[in-house]
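Coordinate analysis (summary)
One-letter residues, chain by chain:
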Amino acid sequence: MTETRVLDGRRLAEKVEQKLAGEIAAAGAKPFLAVVLAGKNEASEIYVRNKQNRCRRIGIGCEIFRLSEEVREAEILELIDELNANPEVNGIIVQLPLPAHLNTAAVLERVCPGKDVDGFQPLNAGRLASGFPGAFVPATPLGIMRLLEEAGAKFCGLHAVVIGASPIVGRPLAALLLNAGCSVSVVHDKTIEIEKITAEADILAVACGCPELVKGNWIKEGAIVIDVGINRENGRLCGDVDFSGLMGKAAVLTPVPGGVGPMTIAMLLENTWRAYKQQHNI
Ligand code: GUN
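From a predicted model like this one, the values you see are computed outputs, not experimental measurements. (Residues numbered from 1 in each chain as written. Predicted model: local features only at pLDDT ≥ 70, side-chain atom pairs only at ≥ 80, totals over all residues. Heavy atoms only, no water.)

On to a nonpolar patch on the surface, then. On the surface, V6, F243 and M247 cluster together into a nonpolar patch covering about 210 Å² of accessible area. Mapping M247 onto the fold places it in the loop between α9 (243-246) and β11 (252-253). For M247, a relative accessible area of 35% translates into the label partly exposed. (Patch = residues over 30% accessible without salt bridge, like charges linked within 9 Å, V, L, I, M, F, W, Y side chains within 5 Å. Areas by Shrake-Rupley, 256 points an atom, 1.4 Å probe, with all protein chains shown as cover. Salt bridge = Lys/Arg side-chain N within 4 Å of Asp/Glu carboxyl O. Helix = DSSP H or I, 4+ residues; strand = E, 2+ residues; numbered from the N terminus. Buried < 20%, exposed > 50% of the residue type's maximum accessible area, 1.4 Å probe, protein only.)

Shown next as structure tokens:
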């Protein structure tokens, strides 16, 4: 029986945001984040409102640029061009998913790499994947790495297993873990006998959107487990990990809610402040 430490993502995010607020105030700066939101998506509405509130609390201006569900690709590209060219705008994010008729890759590619605080533009994604310095790194994997550091994880030589290969979480997280010295396995919905691979993991990060997929018998005693899932089951919020089933077996576990989620926004704010500093040579 292992005593499980449950990581508090809210507390860590609060600490990060207090530090950012102090730096921004001390510099007398007014960073600005532009959020592009196309179409109607209930979850996206909640996410962008949370981002805007958290920006404003720490002294970052934030405006949501709303476009209709039927927006033409040329219109969204024109808006991004305007935001790229506006020196008052330091960071730009395009909330995903976009309406299905739009070419997501073409839209994300249009964001100026120096304002790409989501890290989805291919120059930043490529730098991260190549282990080159200077990339803006997507907020969720960056938040996960901070949580792992908080847990005292010694990355070098450990076997990290990532469930899920999305460009938002799984792929960039695998690159970060590899760059930190882990041996990394990425498993996904085509993988045969996932649980044989997860049972070998020293660090397991689960980002597949399958409610409570990972059971106690999928993990090694003493593993560090990060749950990235946010699922709603009969009105109840749950992660991709069977939380109670892993208590007493994992050494470290993140809760849902209150684990990775709050860290994601804190890292977006940190990226926006970094973009501002780069653009002002401070
Ligand atoms: N949709 C789900 N997660 C994210 C994110 O981190 N950034 C953006 N822009 N859209 C998302």
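This paragraph deals with unusual backbone geometry. Cis geometry marks the peptide bond from L96 to P97, where omega comes out at 5°. Looking at where P97 falls in the secondary structure, it is placed in the loop between β4 (91-94) and α4 (104-110). Residue P257 follows V256 across a cis peptide bond; omega there is 0°. Along the chain, the position of P257 falls in the loop between β11 and α10 (260-279). The phi dihedral of E212 falls on the positive side, at around 50°, and the residue is not glycine. In this fold, E212 is placed in the loop between β7 (203-206) and β8 (224-227). Unlike most non-glycine residues, N234 shows phi in positive territory, near 50°. Residue placement: N234 occurs in the loop between β9 (231-233) and β10 (236-238). Under the relative-accessibility criterion, N234 is labelled exposed at 84%.

Looking now at helix α3 (residues 73-85). Residue pairs three or four apart in sequence face the same way in an α-helix, which turns once every 3.6 residues. Over its 13 residues, α3 runs 18 Å from end to end, which matches the ideal 18 Å to within 8%, given 1.5 Å per residue. Along α3, the residues that are buried comprise I76, L77, L79, I80, L83 and N84. Taken down its axis, α3 places every buried residue within 155° of arc, on the same side. Buried residues in α3 make contact with β2 (32-38), β3 (61-67), β4 and α4. (Expected span 1.5 Å × (residues − 1). Arc of directions from axis to C-beta. Contact = heavy atoms within 4.5 Å.)

Let us look at the site of the ligand. Every residue lining the ligand is accounted for by K51, V94, Q95, L96, D118 and F120. Contacts to the ligand include L96, whose backbone N or O atom sits 3.0 Å from a nitrogen atom. Isolated, the ligand exposes 280 Å² of accessible area, and the fraction of that covered by the protein chains is 83%. Residue classes in the shell around the ligand are distributed as three nonpolar, one polar and two charged. (Near = heavy atom within 4 Å. Polar contact = N/O pair within 3.5 Å; in protein donor to acceptor, adjacent residues only side chain to side chain. Nonpolar A, V, L, I, M, F, W, Y, C, P; charged D, E, K, R; others polar.)

Strand order in the open sheet formed by three strands is β3-β2-β4, and the pairing between neighbours is parallel. Lying at the two open borders of the sheet, with one neighbouring strand each, are β3 and β4. Averaged over neighbouring strand pairs, the angle between their axes works out to 20° when direction is ignored. Direction of pairing for β2 relative to β3: parallel, over a ladder of seven bridges. (Pairing = 2+ DSSP bridges. Axes fitted to C-alpha atoms, helices over the stretch in contact; angles between N-to-C directions.)

Let's shift gears to the pattern of salt bridges. Following the criterion strictly, the structure yields 13 salt bridges and no others. One salt bridge connects R57 with E17, and the closest N-O pair in it is separated by 3.2 Å. Taken as a pair, R57 in helix α2 (residues 42-57) and E17 in helix α1 (residues 9-27) lie far apart in primary sequence, 40 residues in all. Note that E270 is salt-bridged to R146, the shortest N-O span being 2.5 Å. Linking E270 in helix α10 with R146 in helix α6 (residues 139-150), this pair joins segments that are 124 residues apart in sequence. Residue classification places E270 among the partly exposed residues on the basis of a relative accessible area of 21%. With relative accessibility at 27%, the residue R146 sits in the partly exposed group.

Fair warning: the whole summary comes from geometry, so function is off the table for now.
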